[in-house]
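What follows is the residue order along each chain.
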Amino acid sequence: QVQLVESGGGSVQAGGSLTLSCSASGRIFSINTANWYRQAPGKQRELVASITEGFTTTYAESVEGRFTISRNNVRRSIYLQMNSLKPEDTGVYYCNADVEAIPTVMGGRVSSANYWGQGTQVTVSA
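Treat the numbers as computed from the prediction; the structure is a model and nothing was measured. (Residues numbered from 1 in each chain as written. Predicted model: local features only at pLDDT ≥ 70, side-chain atom pairs only at ≥ 80, totals over all residues. Heavy atoms only, no water.)

Peer 1: Is there a simple way to think about the pattern of salt bridges in this case?
Peer 2: It is possible for side chains of opposite charge to pair when their charged atoms get near one another. Under the definition given, this model contains three salt bridges. In this structure, Arg-38 engages Glu-46 in a salt bridge whose closest nitrogen and oxygen atoms are separated by 2.8 Å. Two residues, Arg-66 and Asp-89, come together in a salt bridge whose shortest N-O distance is 2.8 Å. Of this pair, Arg-66 sits in the loop between strand S6 (57-59) and strand S7 (67-72) while Asp-89 is found in the loop between strand S8 (77-82) and strand S9 (91-101), placing the two residues 23 residues apart along the sequence. (Salt bridge = Lys/Arg side-chain N within 4 Å of Asp/Glu carboxyl O. Helix = DSSP H or I, 4+ residues; strand = E, 2+ residues; numbered from the N terminus.)

Following this line, the structure appears as structure tokens:
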């Protein structure tokens, strides 16, 4: 029912910029906290940025000042603007969100669940 799809990844040189998009689809009532994670080969997935339903943002120290997370609730999309990219930013970036889904059964309650996108590759060369 609920699906998150990332786009916007690619290959850039150090100092370049990319904008990632996460589009949510399905029977969605609302998107609560949304996050961007990334994972480099052989390393554990790490939280890059987070944005709450109240538009409060937090960032990993390694990206603060360079990355900006934003959201558009009408379009049900989450964005990650990445500037001044560094080689250590290389990895697969994943969209993650707590989503309140609308039940298909009449009278069913709206419940929150956590969803992941399949990821988009970001490669930054020196």
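After that view of the structure, there is still more to cover.
Peer 1: What should I look at first to understand the state of the cysteines in this one?
Peer 2: One way to say it: the disulfide is the covalent bond shared by the sulfur atoms of two cysteines. Enumeration according to the criterion identifies one disulfide in this entry. One disulfide bridge connects Cys-22 with Cys-95, the sulfur atoms lying 2.1 Å from each other. Given an S-S torsion of about -80 degrees, the disulfide between Cys-22 and Cys-95 has left-handed geometry. Taken together, the positions of Cys-22 in strand S3 (residues 18-25) and Cys-95 in strand S9 put the pair 73 residues apart, joining distant regions of the chain. Like Cys-95, Cys-22 is buried. (Disulfide = S-S within 2.5 Å. Buried < 20%, exposed > 50% of the residue type's maximum accessible area, 1.4 Å probe, protein only.)

Peer 1: Before we go on, may I ask you to explain a nonpolar patch on the surface in this structure?
Peer 2: A surface patch of nonpolar side chains, about 240 Å² in accessible area, is lined by Phe-29, Ile-102 and Val-110. A relative accessible area of 31% means that Ile-102 is categorised as partly exposed. (Patch = residues over 30% accessible without salt bridge, like charges linked within 9 Å, V, L, I, M, F, W, Y side chains within 5 Å. Areas by Shrake-Rupley, 256 points an atom, 1.4 Å probe, with all protein chains shown as cover.)

Peer 1: So what exactly am I meant to see when it comes to the pairing of S3 here?
Peer 2: Across a regular strand the side chains alternate sides, sitting on one face of the sheet and then on the other. Here S3 shows a buried face lined by Leu-18, Leu-20, Cys-22 and Ala-24 and an unburied face lined by Thr-19, Ser-21, Ser-23 and Ser-25. The pairing of strand S1 (residues 3-7) with S3 spans five bridges and is antiparallel. Following the sheet pairing, Ser-7 is matched in S3 by Ser-21. Two elements, S3 and S8, share six bridges in a ladder whose sense is antiparallel. Counted as the bridge partner of Ser-21 is Tyr-79 from S8. (Pairing = 2+ DSSP bridges.)

Peer 1: Would you mind showing me how to read the environment of Gln-13 here?
Peer 2: By secondary structure assignment, the location of Gln-13 is in strand S2 (residues 10-13). Put simply, Gln-13 and Gln-1 are 12 residues apart on the chain and 37 Å apart in space, counted from C-alpha to C-alpha. Setting aside chain neighbours within four positions, we find Gln-13 in contact with Val-124 and Ser-125. (Contact = heavy atoms within 4.5 Å.)

Peer 1: Just to check I follow, could you spell out the packing of aromatic side chains for this structure?
Peer 2: Each pair of aromatic rings is reported with the distance of its centres and the angle of its planes. For the structure shown, the criterion picks out two aromatic pairs. When the centroid spacing of 4.9 Å and the interplanar angle of 50 degrees are considered together, the rings of Tyr-37 and Trp-116 count as tilted. Note that Tyr-37 is positioned in strand S4 (residues 28-39) and Trp-116 in strand S10 (residues 111-116), a separation of 79 residues in sequence. A relative accessible area of 37% means that Trp-116 is categorised as partly exposed. Residues Tyr-94 and Trp-116 carry aromatic rings whose centres are separated by 6.4 Å and whose planes lie at 80 degrees to one another, so their mutual orientation is edge-to-face. Highlighted residues: Tyr-94 in strand S9 and Trp-116 in strand S10, separated in sequence by 22 residues. Three or more aromatic residues joined by ring pairs form one cluster here, namely Tyr-37, Tyr-94 and Trp-116. Across the ring face of Tyr-94, the terminal group of Arg-45 is positioned such that the distance to the ring centre comes to 3.8 Å. Between Arg-45 and the ring centre of Trp-116, over which it is positioned, the NZ or CZ distance is 4.7 Å. (Phe/Tyr/Trp six-rings, centres within 6.5 Å; stacked < 30°, edge-to-face > 60°. Lys NZ or Arg CZ within 6 Å of the ring centre and 35° of its normal.)

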